[in-house]
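Coordinates in review
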Amino acid sequence: MVNDIKKAKLFSILIDETQDLSRHEQLSFIVRYVDDMFQPHEVFLGFYKTNKTDSETLTNVIKEVLLKNYLKIENIRSQCYDDAAAMRGSYTGVQARIKQENPIAIYVHCYAHILNLCLVDLTKQVSFVRNMFGTLQSLHNFIHASSKRHAVFESIFLESSKKSGPSKLKSLSDTRWSCRAEALNSLFLNYEVIIKTLEEISETDISCGPEATSLLKNIGDFEFMFCLVFLKDVMTHTNILSKYLQSINMNYNGVISMSTHTTNIFKEMRSDKKFGEMWDKVIEIPKENNIEPAQLPRKKKYQ
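Heads up: these notes are all about the structure in this document. On a predicted model such as this, the values are computed, not experimentally measured, just so you know.

1. Some words on the overall build of the protein chain
On a plain count of helices and strands, the protein chain comes out with 13 helices and five strands. Against the globule reference of 19 Å for 303 residues, the protein chain gives a C-alpha radius of gyration of 24 Å, more extended than a compact globule. C-alpha extents for the protein chain along the principal axes are approximately 70 × 45 × 45 Å. Summarising the internal contacts of the protein chain: among those between residues at least 6 apart in sequence, 61% fall at separations of at least 24. Distance between charge centroids for the protein chain: 3 Å, based on 38 positive and 36 negative side chains.

Next up, the structure:
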């Protein structure tokens, strides 16, 4: 791998901080280069343990890895990191320290990470969305925290005539947004199974029955169902864009095209026609699961 990089001469580095299972800080080190046939390649050089995560220490680790693999820092043409202050700092960040030795090593904030930040902000700003994701995580924790409760879920899943969904619920993650898209899809496809699971636990489990009843009430709420259907469609499209932004063969023209296409889909979703289609889809859920339909609030009468 190193010989191929040296043959290409010019390369970019993609660095991210992560923790292993032992809670040790480490850097993941990836090199991107283009071969003689103009085909892009990304190679993983490894995880490198670090005791600190300040910019000076991280820069020294990067230099050591380059030196160890006989790669010259002056051949770096771009450096891609997340938005952490230690990485992006304009004066003392890692990107600034690398630029001091190689001024043409431009810094690029990972675009998949930018998209992820936008979506995380969305969930925090809109109360309906925030509450829906909170319920989703509570539901996952409730069922998977106990082997007994999980066994009830599995038993009902196997007996169900609708087995189109995954056999388990997905947890949420702020760093890996595709997990949220999968979690929404898992709940949507297993909605009937989850309703029956919570009803079973509510009636038979003395200690956890009240919590199951509370969750049953939350996921039977029309606002929850609407957010579930709406965000499932939204996250499906953003997940496709996110995966493309992380692909090896992406290019600027493709990114512009994919981003524009995703934006146009969202603009179309704002039309009365698309909203009507989504509304019709949501009101079918209570009918299929014997849940009370949505009740429009009464208009106040003034004297």
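2. Considering empty space enclosed by the protein
The method is simple in principle: a probe with the dimensions of a water molecule rolls over the atoms, and the space it marks as empty is what remains. Across all of its chains, the model carries one cavity of 30 Å³ or more by this definition. The space that makes up the largest cavity amounts to roughly 30 Å³. Lining the largest cavity are Leu136, Leu139, His140, Leu169, Lys170, Ala183 and Leu187. Elements represented by at least two residues in the lining of the largest cavity include exactly α6 (127-144) and α8 (178-189). Ranked by the residues each element gives to the lining of the largest cavity, the list is headed by α6, at three residues. Residue classes in the lining of the largest cavity are distributed as five nonpolar, one polar and one charged.

3. Some details on the sheet that holds strand β4 (residues 76-81)
Sheet strands associate in pairs through backbone hydrogen bonding, adopting either a parallel or an antiparallel arrangement. An order of β3-β2-β1-β4-β5 is seen for the five strands of this open sheet, with the pairing classed as mixed. What marks the edges here is a single partner per strand, and that holds for β3 (40-49) and β5 (106-109). When the angles between neighbouring strand axes are averaged without regard to direction, this sheet yields 25°. In this structure, strand β1 (residues 11-19) lies alongside strand β2 (residues 25-34), joined through eight bridges in antiparallel fashion.

4. Overview of the pattern of salt bridges
Enumeration over the complete set of coordinates arrives at seven salt bridges. Lys63 is the partner of Glu101 in a salt bridge, and the nearest nitrogen-oxygen pair spans 2.2 Å. In this pair, Glu101 is assigned in helix α4 (residues 94-101) and Lys63 in helix α2 (residues 55-68), connecting sequence segments 38 residues apart. Its relative accessible area of 30% is what places Lys63 among the partly exposed residues.

Scoring rules and cut-offs
Residues numbered from 1 in each chain as written. Predicted model: local features only at pLDDT ≥ 70, side-chain atom pairs only at ≥ 80, totals over all residues. Heavy atoms only, no water. Helix = DSSP H or I, 4+ residues; strand = E, 2+ residues; numbered from the N terminus. Rg over C-alpha atoms; globule rule 2.2 N^0.38 Å. Contact = heavy atoms within 4.5 Å. Lys, Arg positive; Asp, Glu negative; His and termini not counted. Charge placed at Lys NZ, Arg CZ, Asp CG, Glu CD. 1 Å grid on protein atoms, 1.4 Å probe; cavity = no way out; pocket = protein on both sides within 12 Å on 5 of 7 lines; lining within 4 Å. Points joined across faces, edges and corners; volume = space filled by probe spheres on them. Nonpolar A, V, L, I, M, F, W, Y, C, P; charged D, E, K, R; others polar. Pairing = 2+ DSSP bridges. Axes fitted to C-alpha atoms, helices over the stretch in contact; angles between N-to-C directions. Salt bridge = Lys/Arg side-chain N within 4 Å of Asp/Glu carboxyl O. Buried < 20%, exposed > 50% of the residue type's maximum accessible area, 1.4 Å probe, protein only.

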